[in-house]
Amino acid sequence: MDYKNSGVDIEAGYRSVELMKDAVKATMRPEVLGGLGGFSGAFSLAQIKDMEDPVLLSGTDGCGTKVKLAFLLDKHDTIGIDAVAMCVNDVACAGGEPLFFLDYIACGKNYPEKIATIVGGVAEGCKQSGCALVGGETAEHPGLMPEDEYDLAGFAVGVVERKDIIDGKDLKDGDVLIGMASTGVHSNGFSLVRKIFNMDKETLNTYHEELGKTLGEALLAPTRIYVKAMRSIKDAGVRVKACSHITGGGFYENIPRMLPEGKHAVIEKNSYPIPPIFTMMAREGNVAEEMMYNTYNMGLGMIVAVDPADVDKAMEAIKATGDVPYVVGKITDGEKGVTLC
């Protein structure tokens, strides 16, 4: 008896690392010390020490049950982008610059080519957000997970000057809310998605005119990364007063998180186009509108609050990164919370 016969293939692990090396190297920043394969990732703080009052930010998350669709469609090249996006968007939401990322893949069996494809997606997400993939772990769990399944999660670290932290404390009545378009469902609410639609290849590979693509393509569209958009707004000289990453819990849970006591957010539902995937989900699953807004991003992945005088400049800065902005509401005085009208 040996380790391989018990279900853990060490050689497959070595092969996975070799296959992913080029993708990982493409994410490197000058601050990264050493190479791939060490016991820890090393990141120089030389540049951070030159900051006035640096604050480290961190975020950790996974892709939830969205990975189930990747299994069914045997498509694993974008799920890694989702893992990165969920973490770096949270860091950017506080005004930070993501510095580095680590991933964790738990699998029933290590298929090196599949693992390398997953990590290739992680590397792509890191490149989109400008952070380095400094390490990770692939854990083979025979007997705990089916051989063809895996779970994926990650952890990001970023930095921000204390004076630049976005915390909502200076919000005032009349400040304007700008929403940035999402790419679809992103990485939340897939347990409900899997109840609405039959999760089989025939259903997922069916083309829908209203979607302009197959259902599977619409659902697997990777989460939009808003790091460049947030950086562009800052570089334009606009101060973001508050920011909300619309993830699990949709509008009703996430928007109040960016508000101080005594401030209320008003969102106009007709101020932007709702992607057809959400209309289709509500119809096919007979899901109430309030539940949709309490579960999904409904077409807005990030919402920022700015001074009315800065709206045009912020909109142009967002457009410059390829993102699509909409003026979607405003801040008023009142009980902390959000109203959709």
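Up top you'll find the structure we're talking about.
Here goes a summary of the coordinates provided. (Residues numbered from 1 in each chain as written. Predicted model: local features only at pLDDT ≥ 70, side-chain atom pairs only at ≥ 80, totals over all residues. Heavy atoms only, no water.)

### Examining the sheet that holds strand E10 (residues 242-245)
For step 1, the next point in the chain: Read from one edge of the open sheet, six strands run E10-E12-E7-E13-E11-E14, paired in mixed fashion. Looking at strand neighbours, the two that pair on one side only are E10 and strand E14 (337-340), the edges of this open sheet. The mean angle between the axes of side-by-side strands here comes to 25 degrees, regardless of whether they run parallel or antiparallel.
For step 2, the next point in the chain: Pairing between strand E11 (residues 263-267) and strand E13 (residues 325-333): five bridges, direction antiparallel. When the bridges of E13 are listed, Ile-267 appears paired with Gly-329. (Pairing = 2+ DSSP bridges. Helix = DSSP H or I, 4+ residues; strand = E, 2+ residues; numbered from the N terminus. Axes fitted to C-alpha atoms, helices over the stretch in contact; angles between N-to-C directions.)

### As for the environment of Asp-170
For step 1, the next point in the chain: Along the chain, Asp-170 turns up in the loop between strand E6 (150-161) and strand E7 (176-181).
For step 2, the next point in the chain: In this structure, Asp-170 is in contact with Asp-175, Arg-239 and Lys-241, ignoring residues within four places of it in sequence.
For step 3, the next point in the chain: Within the structure, the side chain of Asp-170 is placed 2.6 Å from the side chain of Arg-239, a separation counted as a polar contact. (Contact = heavy atoms within 4.5 Å. Polar contact = N/O pair within 3.5 Å; in protein donor to acceptor, adjacent residues only side chain to side chain.)

### Quick word on the sheet that holds strand E4 (residues 97-107)
For step 1, the next point in the chain: Pairing is mixed in the open sheet, where four strands are placed in the order E3-E6-E4-E5. The sheet terminates laterally at strand E3 (54-62) and strand E5 (132-140), the two strands that pair on one side only. The average angle at which neighbouring strand axes cross in this sheet is 15 degrees, direction not considered.
For step 2, the next point in the chain: As paired strands, E4 and E6 are joined by 10 bridges and run antiparallel to one another. Following the sheet pairing, Phe-101 is matched in E6 by Ala-156.
For step 3, the next point in the chain: With respect to the sheet, helix H4 (residues 79-93) is in contact with E3, E4 and E6, its orientation differing from that of E6 by roughly 30 degrees.

### Overview of the pattern of salt bridges
For step 1, the next point in the chain: Going through the model one piece at a time under the given rule, you end up with 20 salt bridges.
For step 2, the next point in the chain: Ionic pairing is found between Lys-241 and Asp-307, a salt bridge with its closest N-O pair at 4.0 Å. A residue pair is termed long-range when its members are at least 10 positions apart, and Lys-241 in the loop between helix H9 (227-235) and E10 and Asp-307 in the loop between strand E12 (300-306) and helix H13 (311-319) qualify at 66 residues.
For step 3, the next point in the chain: Judged by relative accessible area, which is 10%, Lys-241 ranks as buried.
For step 4, the next point in the chain: Take Asp-307: its relative accessible area is 22%, and that puts it in the partly exposed class.
For step 5, the next point in the chain: For Glu-289, the salt bridge goes to Lys-269, with nearest N and O atoms at 2.8 Å. Taken as a pair, Glu-289 in helix H12 (residues 289-293) and Lys-269 in the loop between E11 and helix H11 (276-285) lie far apart in primary sequence, 20 residues in all.
For step 6, the next point in the chain: Linked through salt bridges whose partners overlap, the residues forming this network are Lys-172, Asp-175, Lys-241 and Asp-307. (Salt bridge = Lys/Arg side-chain N within 4 Å of Asp/Glu carboxyl O. Buried < 20%, exposed > 50% of the residue type's maximum accessible area, 1.4 Å probe, protein only.)

### Some thoughts on unusual backbone geometry
For residues that are not glycine, phi is negative in most cases, and the peptide bond is trans in most cases.
For step 1, the next point in the chain: For Asp-74, which is not glycine, the phi dihedral falls at a positive 50 degrees.
For step 2, the next point in the chain: Secondary-structure assignment places Asp-74 in the loop between helix H3 (67-73) and H4.
For step 3, the next point in the chain: The phi torsion at Asn-286 lies on the positive side, around 50 degrees, for a residue other than glycine.
For step 4, the next point in the chain: Here Asn-286 is to be found in the loop between H11 and H12.
For step 5, the next point in the chain: Assessed through its relative accessible area of 70%, Asn-286 is described here as exposed.

### Notes on the packing of aromatic side chains
For step 1, the next point in the chain: Applying the stated criterion across every chain, the model contains five aromatic pairs.
For step 2, the next point in the chain: A centroid spacing of 5.1 Å and a plane angle of 45 degrees characterise the contact between Phe-43 and Phe-100, whose relative ring orientation is tilted. On the criterion of sequence distance, the pair formed by Phe-43 in strand E2 (residues 42-43) and Phe-100 in strand E4 is long-range, its members being 57 residues apart.
For step 3, the next point in the chain: Exposure remark for Phe-100: the relative accessible area of 18% places this residue in the buried category. (Phe/Tyr/Trp six-rings, centres within 6.5 Å; stacked < 30°, edge-to-face > 60°.)

### Some points on the side chain of Arg-29
For step 1, the next point in the chain: Following the sequence through the fold, Arg-29 ends up in the loop between helix H1 (10-25) and strand E1 (32-33).
For step 2, the next point in the chain: Classification of Arg-29 as buried rests on a relative accessible area of 15%.
For step 3, the next point in the chain: Looking at Arg-29, its side chain comes within polar contact range of the side chain of Glu-97, at 3.0 Å.
For step 4, the next point in the chain: Ignoring sequence-local partners within four residues, the contact set of Arg-29 consists of Phe-43, Glu-97, Pro-98, Leu-99, Gly-130, Cys-131 and Ala-132.

### Some words on the packing of H4 against helix H5 (residues 112-129)
For step 1, the next point in the chain: Direction vectors running N to C along H4 and H5 enclose 40 degrees, while the axes themselves pass 6 Å from each other. Taken together, the axes of H4 and H5 lie oblique to each other. Two packed elements cross with a definite hand, and for H4 against H5 that hand is right-handed. Contacts between H4 and H5 involve Ile-79, Gly-80, Ile-81, Val-84 and Val-88 on the former and, on the latter, Ile-118, Gly-121, Val-122, Glu-124, Gly-125, Cys-126, Gln-128 and Ser-129. (Parallel < 35°, antiparallel > 145°, perpendicular 65-115°, else oblique. Left-handed = near helix turned anticlockwise from the far one by under 90°.)

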